[in-house]
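Residues per chain are reported as follows:
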Amino acid sequence: MSDFTIAIHGGAGTILRSDMTADLEREYTDALEQALMAGYSLLEKGISSVDAVKAAVTSLEDCILFNAGRGSVFAADGSQEMDASIMDGGTLMAGAVSAVKNIKNPVELAYAVMAKSRHVMLNGQGAYEFALSQGIKTEKDDYFFSKFRYDQWKQLQGTDETALDHNVAAGDKKFGTVGAVALDKHGNIAAATSTGGMTNKKWGRIGDSPIIGAGTYANNKTCAISCTGHGEPFIRAVTAYDVSCLMEYKGHSLQEAVHIVVHDKLLKIDGEGGMIGVDAQGNVAMIFNSEGMYRGMKCSDGRNEVLIYK
């Protein structure tokens, strides 16, 4: 058990050692370690779990390797629409945004919705106008451009196909959502999630990441959860909240509850991906049913790891 702890993820999917160069693996590992430290250093100072998860996710959004913020994938119309959410397990307050464009750090906007509005979720142009009213930093389209993402989109442009992140080659699926969960010195837990969604998505498609209870959930009585995967099954399974329910109503541990949801409930509806979780005792779960998940944890009791593969 830990006095304080943080865990992060940078997406799950068909992540194989055989497909990874040593340099690229190091880049991913460094980015995950940097995000962990961004959150952990705040927890060390006694700052809240909400601020810690926001800092960790902001770090991941700023890294072009991950499908969130700066590294977001292209939609069918060539735009980059982003989703994010955050939840405070102590108060059950939450904020979320969906289909926002040109927002440098969507998780910052989700936090502003939680802290500075009477709402939980804002969408599209309205969310953008709220961002401007709150002084949230915006960037022009070229800030979010990466040739890698653009080439992915061009492969699918004009088709009805979509792709889940890094490589659109058949059978190579990676779900590039990013997220963080944390427990602070005051015993409060929090979760945050951010994503650029699916390459070539149409009609303003929104996945589980900004939906409280599906992609993100936090409650001091049970757990804080951030999910990554194919969003539609995660929405239908109300995945993050289901873990909390298994803990609250059936008395399962965090590890047991996450295992049931990821390896039983999700698989029954073809839900591929994973999730990270923390409870109020500092226990951590990082479980996935895909080939790999970019993930890491750092705890005040000395546990510290960054992992990619099974």
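Residues numbered from 1 in each chain as written. Predicted model: local features only at pLDDT ≥ 70, side-chain atom pairs only at ≥ 80, totals over all residues. Heavy atoms only, no water.

Asker: Explanation requested: unusual backbone geometry in the structure shown.
Answerer: If a residue is not glycine, its phi is most likely negative; likewise, a peptide bond is most likely trans. A positive phi is found at Asn-200, a non-glycine position, where the angle reads about 70°. Secondary-structure assignment places Asn-200 in the loop between β7 (189-195) and β8 (216-218). Among the residues examined, Asn-200 registers a relative accessible area of 2% and is labelled buried. Despite not being glycine, Trp-203 has its phi angle at roughly 60°, a positive value. (Helix = DSSP H or I, 4+ residues; strand = E, 2+ residues; numbered from the N terminus. Buried < 20%, exposed > 50% of the residue type's maximum accessible area, 1.4 Å probe, protein only.)

Asker: Looking at this structure, I do not really get the pattern of salt bridges. What am I missing?
Answerer: Side chains that differ in charge, positive against negative, can pair when their charged atoms come close. Under the counting rule described, the total for this entry stands at 10 salt bridges. The partner of Lys-54 in a salt bridge is Glu-108, with the nearest N and O atoms 3.6 Å apart. Pair noted here: Lys-54 is in helix α2 (residues 49-61) and Glu-108 is in helix α3 (residues 106-116), with a separation of 54 residues, a long-range link. Judged by its relative accessible area of 13%, Lys-54 is buried. With a relative accessible area of 27%, Glu-108 lands in the partly exposed category. Notably, a salt bridge pairs Lys-221 with Glu-248, separated by 3.2 Å at the nearest N-O pair. Here Lys-221 is found in the loop between β8 and β9 (223-229), whereas its partner Glu-248 is found in helix α7 (residues 239-250), with 27 residues between them in sequence. (Salt bridge = Lys/Arg side-chain N within 4 Å of Asp/Glu carboxyl O.)

Asker: Help me understand the pairing of strand β6 (residues 178-183), please; the structure alone is not making it clear to me.
Answerer: Of all six residues that make up β6, six are buried, and the element is covered over most of its length. Two elements, β6 and β7, share six bridges in a ladder whose sense is antiparallel. By the bridge assignment, Ala-182 is partnered in β7 with Ala-190. Connecting β6 to the next strand, β7, in antiparallel fashion are five residues, including Gly-187 with a positive phi near 85°. (Pairing = 2+ DSSP bridges.)

Asker: Would you explain the packing of α2 against α3 in this entry?
Answerer: To describe two helices that pack against each other, one gives the angle between their axes and the distance between the axes. Interaxial distance between α2 and α3 falls to 8 Å at its minimum, and their mutual angle equals 150°. One finds that α2 runs roughly antiparallel with respect to α3. On α3, the residues touching Val-50, Asp-51, Lys-54, Val-57, Thr-58 and Glu-61 of α2 are Pro-106, Val-107, Glu-108, Tyr-111 and Met-114. Looking at side-chain class alone, the contact of α2 with α3 contains six nonpolar, one polar and four charged residues. (Axes fitted to C-alpha atoms, helices over the stretch in contact; angles between N-to-C directions. Parallel < 35°, antiparallel > 145°, perpendicular 65-115°, else oblique. Contact = heavy atoms within 4.5 Å. Nonpolar A, V, L, I, M, F, W, Y, C, P; charged D, E, K, R; others polar.)

Asker: Where do I start with the sheet that holds β9 in this structure?
Answerer: To summarise the sheet geometry, strands pair through backbone hydrogen bonds and adopt either a parallel or an antiparallel arrangement. The strand order across the open sheet formed by four strands is β8-β9-β10-β11, and the pairing between neighbours is antiparallel. Only two strands of the sheet have a single partner each, and these edge strands are β8 and β11 (284-288). Ignoring strand direction, the axes of neighbouring strands in this sheet form an average angle of 10°. On the sheet, α7 packs against β8, β9 and β10 (273-279) and is oriented at approximately 145° with respect to β9.

Asker: Is there a simple way to think about the side chain of Ser-49 in this case?
Answerer: Following the sequence through the fold, Ser-49 ends up in helix α2. For Ser-49, the contacting residues outside a window of four places in its chain are Leu-43, Ala-182, Leu-183, Asp-184, Asn-188, Ile-189 and Ala-190.

Asker: Just to check I follow, could you spell out the environment of Val-178 for this structure?
Answerer: Along the chain, the position of Val-178 falls in strand β6. Between the C-alpha atom of Val-178 and that of Asn-67, which follows or precedes it by 111 residues, the distance is 7.4 Å.

Asker: Just checking my understanding: could you explain the environment of Thr-159 for this structure?
Answerer: Note that Thr-159 resides in the loop between α5 (147-156) and β5 (174-175). With 95 residues separating them along the chain, Thr-159 and Leu-254 place their C-alpha atoms 41 Å apart.

Asker: For this particular structure, what's the right way to read helix α8 (residues 254-268)?
Answerer: It helps to recall that an α-helix has 3.6 residues per turn; residues three or four apart then point in one direction. With 15 residues, α8 extends 21 Å between its outermost C-alpha atoms, agreeing within 8% with the 21 Å of an ideal straight helix rising 1.5 Å per residue. Considering bend angle alone, the principal kink of α8 is centred on Val-261 and spans about 30°. In this structure, the buried residues of α8 make contact with β9, α6 (231-236), α7, β10 and β11. Remark: Asp-270 follows α8 within two positions and exhibits a positive phi of approximately 60°. (Expected span 1.5 Å × (residues − 1). Bend = angle between axes of the 7 residues up to and from the residue.)

Asker: Sorry, what's going on with the environment of Tyr-241 here?
Answerer: Mapped onto the elements, Tyr-241 comes out in helix α7. Filtering out sequence-adjacent residues up to four positions away, Tyr-241 remains in contact with Gly-213, Tyr-217 and Tyr-249.

Asker: Just checking my understanding: could you explain the packing of aromatic side chains for this structure?
Answerer: Aromatic ring pairs are defined here through the distance separating the ring centres and the angle between the ring planes. By the definition in use, this model includes seven aromatic pairs. Relative to Phe-145, the ring of Phe-74 lies with its centre 6.1 Å away and its plane at 70°, an arrangement referred to as edge-to-face. Of this pair, Phe-74 sits in the loop between α2 and β2 (82-88) while Phe-145 sits in the loop between α4 (124-133) and α5, placing them 71 residues apart in sequence. Site record: aromatic cluster; members linked through ring pairs are Tyr-28, Phe-66 and Tyr-294. If you follow Arg-70 out to its NZ or CZ, it ends over the ring of Tyr-143, 5.8 Å from the centre. Above the plane of the ring of Tyr-40 lies Lys-298, whose end atom (NZ or CZ) is 4.9 Å from the centre. (Phe/Tyr/Trp six-rings, centres within 6.5 Å; stacked < 30°, edge-to-face > 60°. Lys NZ or Arg CZ within 6 Å of the ring centre and 35° of its normal.)

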